[in-house]
Amino acid sequence: MEMETVKLSAIVMKWYPDMMPFLKQDELDSMIVLRDGLSILDPADAMDIIQYSICEHQDSAYLH
């Protein structure tokens, strides 16, 4: 299987569509490279990718 590049929104829509309203547009537009393609990605790995993407888009601001 070849690598495939997809937007995070495609991953979210496939496994967790109810999360769409809670993600920012820049998170959903993130390009994700999948080693074995979208068709082989399982739900647990999809959730890991979503969580990582959210963390990557966090502001560096700290709450006091």
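About the cut-offs
Residues numbered from 1 in each chain as written. Predicted model: local features only at pLDDT ≥ 70, side-chain atom pairs only at ≥ 80, totals over all residues. Heavy atoms only, no water. Axes fitted to C-alpha atoms, helices over the stretch in contact; angles between N-to-C directions. Helix = DSSP H or I, 4+ residues; strand = E, 2+ residues; numbered from the N terminus. Parallel < 35°, antiparallel > 145°, perpendicular 65-115°, else oblique. Left-handed = near helix turned anticlockwise from the far one by under 90°. Contact = heavy atoms within 4.5 Å. Nonpolar A, V, L, I, M, F, W, Y, C, P; charged D, E, K, R; others polar. Core = buried A, V, L, I, M, F, W, Y, C linked by side-chain atoms within 4.5 Å. Buried < 20%, exposed > 50% of the residue type's maximum accessible area, 1.4 Å probe, protein only.

Q: Explanation requested: the packing of helix α1 (residues 8-15) against helix α3 (residues 43-56) in the structure shown.
A: Where α1 contacts α3, the two axes come as close as 10 Å, and the packing angle between them is 135 degrees. In terms of orientation, α1 and α3 fall into the oblique class. α1 and α3 meet at a crossing whose hand is left-handed. Counted together, Leu 8, Ile 11, Val 12 and Trp 15 of α1 and Pro 43, Ala 46, Ile 49, Ile 50 and Ser 53 of α3 form the full contact between these two elements. Tallied by class, the residues present in the contact of α1 with α3 amount to eight nonpolar, one polar and no charged.

Q: Would you mind going over the nonpolar core with me for this structure?
A: One broad rule of soluble globular proteins: the nonpolar side chains tend to lie buried together. In this structure, Leu 8, Ile 11, Val 12, Ile 32, Leu 34, Leu 41 and Ile 49 are the most contacted members of the largest nonpolar core, which totals 15 residues. Residues contacting Ile 49, with those up to four places away along its chain left out, are Leu 8, Ile 11, Ile 32, Leu 34 and Leu 41.

Don't take any of this as a statement about function, it's just geometry.
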